[in-house]
Amino acid sequence: MQKIPQKGTTAPTLDDIIEKTPPKNFYIYGNPATGNVLVDQVIKYEALNQSLDEIFADRGVTFNGDLGVWAKGGLRTDRRPYHEVLSTRQIDRIAELFDDEIKLMGY
């Protein structure tokens, strides 16, 4: 995770952040050696509440449709699509770093 720059220092660039990001999250829910997913279900963040509603309903648990928490909800103020913000090189690098996750989630 990037630290907030101290007074008098320069904030990291987007390129710095991309290059310093751990390259994989797949190990959290999958076996990188085999490519097998090790959990029953991986849900997309953009469908989180709907998916949780279905999961809870299948188990007979009431879910009010909202977790009430948006961990990073206020961080991204620029809501333009990524292809309008990132350079082609940045998009390609992110695709390279997160290829397993992108394939798994069908992006």
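Predicted model, so just to flag it, every value in this text is computed and none were measured.

1. Considering the overall build of the chain
Next up, step 1: Looking only at helices and strands, the chain has six helices and two strands in total.
Next up, step 2: The order of α-helices and β-strands along the chain, N terminus first, is α-α-β-β-α-α-α-α.
Next up, step 3: Evaluated residue by residue, the chain yields a buried proportion of 15% over its 107 residues.
Next up, step 4: Counting contacts in the chain only where the partners sit at least 6 residues apart, residues at least 24 apart contribute 49% of the total.
Next up, step 5: Split by element, the accessible area of the chain, about 8,800 Å² in all, is 55% carbon and sulfur.

2. Regarding the pattern of salt bridges
Next up, step 1: Applying the stated criterion across every chain yields a total of four salt bridges.
Next up, step 2: Between Arg-93 and Glu-19 there is a salt bridge; the shortest N-O distance is 2.9 Å. Of this pair, Arg-93 sits in helix H5 (residues 88-97) while Glu-19 sits in helix H1 (residues 14-20); the two residues are 74 residues apart in sequence, bridging distant segments of the chain.
Next up, step 3: Look at Glu-19 and you get partly exposed, because its relative accessible area is 46%.
Next up, step 4: Note that Arg-93 and Glu-96 form a salt bridge whose closest N and O atoms lie 3.0 Å from each other. Taken together, the residues span about one helical turn, with Arg-93 and Glu-96 both in helix H5 at a distance of three residues.
Next up, step 5: Glu-96 sits in the exposed class, given a relative accessible area of 52%.
Next up, step 6: Through salt bridges with shared partners, a single ionic network connects Glu-19, Arg-93 and Glu-96.

3. As for the side chain of Gln-90
Next up, step 1: Summarising the element assignment, Gln-90 is placed in helix H5.
Next up, step 2: Apart from the residues within four sequence positions on either side, Gln-90 is in contact with Leu-14, Asp-15, Ile-18 and Val-85.

4. Quick word on the packing of aromatic side chains
Next up, step 1: Counting across every chain of the model gives one aromatic pair.
Next up, step 2: Taking the centre distance of 5.0 Å and the plane angle of 35° together, the rings of Phe-56 and Phe-63 count as tilted.
Next up, step 3: Sitting over the ring of Tyr-107, Lys-44 keeps its end group 4.7 Å from the ring centre.

5. Things to note about the confidence of the model for the chain
Next up, step 1: On average, the chain scores 82 in pLDDT, and the residues at 70 or more come to 84%.
Next up, step 2: Mean pLDDT values for the elements of the chain range from 80 in helix H2 (residues 26-29) up to 92 in H5.

6. Side note on the environment of Glu-19
Next up, step 1: Residues Glu-19 and Leu-97, 78 residues apart in the sequence, show an inter-C-alpha distance of 9.1 Å.
Next up, step 2: There is a polar contact of 2.9 Å between the side chain of Glu-19 and the side chain of Arg-93.

Each value, and the rule that gives it
Residues numbered from 1 in each chain as written. Predicted model: local features only at pLDDT ≥ 70, side-chain atom pairs only at ≥ 80, totals over all residues. Heavy atoms only, no water. Helix = DSSP H or I, 4+ residues; strand = E, 2+ residues; numbered from the N terminus. Buried < 20%, exposed > 50% of the residue type's maximum accessible area, 1.4 Å probe, protein only. Contact = heavy atoms within 4.5 Å. Areas by Shrake-Rupley, 256 points an atom, 1.4 Å probe, with all protein chains shown as cover. Salt bridge = Lys/Arg side-chain N within 4 Å of Asp/Glu carboxyl O. Phe/Tyr/Trp six-rings, centres within 6.5 Å; stacked < 30°, edge-to-face > 60°. Lys NZ or Arg CZ within 6 Å of the ring centre and 35° of its normal. pLDDT = per-residue confidence, 0-100. Polar contact = N/O pair within 3.5 Å; in protein donor to acceptor, adjacent residues only side chain to side chain.

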